[in-house]
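Structure assessment
Given next are the chains, with one letter for each unit.
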Amino acid sequence: MTAEPLIQLEGITKTFGNGAAAFQALKGIDLTIERGDFVAIMGPSGSGKSTTMNILGCLDVPTGGVFRFRGVEVQKLDRDQRSLLRRRYLGFVFQGFNLLARTTALENVELPLLYRGENKTQRRESALRALDQVGLVPWASHSPSELSGGQQQRVAIARALVTQPDVLLADEPTGNLDSERSVEIMLLLQRLNGEGITVLMVTHEEEMAAYAKTIVRFRDGQVERIEHSATALAQASGPA
Ligand SMILES: Nc1ncnc2c1ncn2[C@@H]1O[C@H](COP(=O)(O)OP(=O)(O)OP(=O)(O)O)[C@@H](O)[C@H]1O
Ligand SMILES: [Mg+2]
């Protein structure tokens, strides 16, 4: 066990394009995320939230600065090592669910395990466990078109969980949901976080961010402010 923070960003910059068309989306992000945190990233459109999530998710590389994951400098890894890191430690949830149509919830959740070469029995067992974590076992044989938006997002969360990642990365996971469905997703993320998974999510809604322990506010490619939410304070002080 190492005492290293789970994630450390030091002076992370990201420039898109070259020359006169170059645009600096990230202007030096410093951020440390400890194991077990539930972080909401907020900020105006274009402030660099998704760019940062993509770097954290090893889907993109920064232009400058240092990104350490479990103490390892991610830039020093090659492409294959980065994708191994991604598949071993990270789970992704997107705003648009990204489920395969005409494919059952169970099969959608099994998908990441195909890449691991697990056999059908192992895949089924793990996928059912993940569906159980999101309360959707009864819907296992239904296709996405037969599920509500909230249920589809829970399938997408189960698919992210099936590899038992250390970190769940969610970019606007409730962007397509009404507020009641959104609250259900927040309660689910909160419960999963309580079970030990570190959660990083982007949201535009203060109401949803309030479920997180830490709120990181972006502005213009920089971290403007870090706040520890009332939820976190309540959890830290424990029951009266
Ligand atoms: N691939 C790209 N090529 C060029 N510019 C990009 C690219 N990706 C992002 N940008 C620019 O970088 C800036 C930050 O984008 P980013 O997607 O990180 O914003 P965001 O905070 O997630 O915004 P939103 O809330 O709208 O999702 C924006 O000005 C965007 O236009
Ligand atoms: Mg975005």
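Residues numbered from 1 in each chain as written. Chains lettered and ligands numbered in written order. Predicted model: local features only at pLDDT ≥ 70, side-chain atom pairs only at ≥ 80, totals over all residues. Heavy atoms only, no water.

The next point concerns helix 2 (residues 79-89). For helix 2, every residue scored as buried is listed here: Arg-82, Ser-83, Leu-85 and Tyr-89. Buried positions in helix 2, seen along its axis, are confined to an arc of 155° and lie on one side of it. Among the exposed residues of helix 2, those oriented more than 90 degrees off its buried face are Asp-80 and Leu-84. In this structure, the buried residues of helix 2 make contact with strand 4 (64-69), strand 6 (90-94) and strand 7 (167-171). (Buried < 20%, exposed > 50% of the residue type's maximum accessible area, 1.4 Å probe, protein only. Helix = DSSP H or I, 4+ residues; strand = E, 2+ residues; numbered from the N terminus. Arc of directions from axis to C-beta. Contact = heavy atoms within 4.5 Å.)

By size, the foremost hydrophobic cluster in this structure holds 40 residues, and its most contacted members are Val-109, Leu-131, Val-134, Ile-157, Leu-168 and Leu-189. Where this core is concerned, the elements lending two or more residues are strand 3 (38-42), helix 3 (105-114), helix 4 (120-133), helix 5 (149-161), strand 7, helix 6 (179-194), strand 8 (198-202) and helix 7 (206-209). Those residues in contact with Leu-131 that sit more than four places away from it in its chain are Leu-106, Val-109, Leu-136, Val-137, Ala-140 and Ala-158. In terms of nonpolar packing, the next biggest core, distinct from the first, is built from 28 residues, Ile-12, Ile-55, Val-167 and Val-216 among them. (Core = buried A, V, L, I, M, F, W, Y, C linked by side-chain atoms within 4.5 Å.)

Let us look at helix 1 (residues 49-56). The buried fraction of helix 1 is high, at six of eight residues. Taken from the residues just after helix 1, Cys-58 is the one with a positive phi, measuring 60°.

The next subject is the sheet that holds strand 8. Sheet architecture is open: six strands sit in the order 6-7-8-3-9-10, paired in mixed fashion. Edge positions in the sheet fall to strand 6 and strand 10 (222-228), since each of these pairs with one other strand and no more. Sheet twist, expressed as the average angle between the axes of neighbouring strands with direction ignored, equals 15°. In terms of strand pairing, strand 3 meets strand 8 through four bridges, oriented parallel. In the sheet register, Phe-38 faces strand 8, and the bridge partner there is Val-199. The strands that helix 2 touches are strand 6 and strand 7; relative to strand 6, the one it contacts most, it runs at about 80°. (Pairing = 2+ DSSP bridges. Axes fitted to C-alpha atoms, helices over the stretch in contact; angles between N-to-C directions.)

Quick look at the packing of helix 5 against helix 6 now. With their axes 10 Å apart at the nearest point, helix 5 and helix 6 run at an angle of 20° to one another. Classed by the angle they form, the pair helix 5 and helix 6 counts as roughly parallel. In the crossing of helix 5 with helix 6, the sense of the turn from one axis to the other is right-handed. From helix 5, Gly-150, Gln-153, Arg-154, Ile-157 and Leu-161 reach across to helix 6, where they touch Arg-181, Glu-184, Ile-185, Leu-188, Leu-189 and Leu-192. Tallied by class, residues from the contact of helix 5 with helix 6 come to six nonpolar, two polar and three charged. (Parallel < 35°, antiparallel > 145°, perpendicular 65-115°, else oblique. Left-handed = near helix turned anticlockwise from the far one by under 90°. Nonpolar A, V, L, I, M, F, W, Y, C, P; charged D, E, K, R; others polar.)

Here we come to the site of ligand 1. Around ligand 1 sit 13 residues, and of these Ser-45, Gly-46, Lys-49, Ser-50 and Thr-51 come closest. Between an oxygen atom of ligand 1 and a side-chain N or O atom of Ser-45, the distance comes to 2.5 Å. Within the backbone of Gly-48, an N or O atom sits 3.1 Å from an oxygen atom of ligand 1. Going through the elements one at a time, strand 2 (23-33) and helix 1 are the ones with two or more residues in the shell around ligand 1. Ranked by the residues each element gives to the shell around ligand 1, the list is headed by helix 1, at three residues. (Near = heavy atom within 4 Å. Polar contact = N/O pair within 3.5 Å; in protein donor to acceptor, adjacent residues only side chain to side chain.)

Without other data, these values stay purely geometric and don't point to any function.
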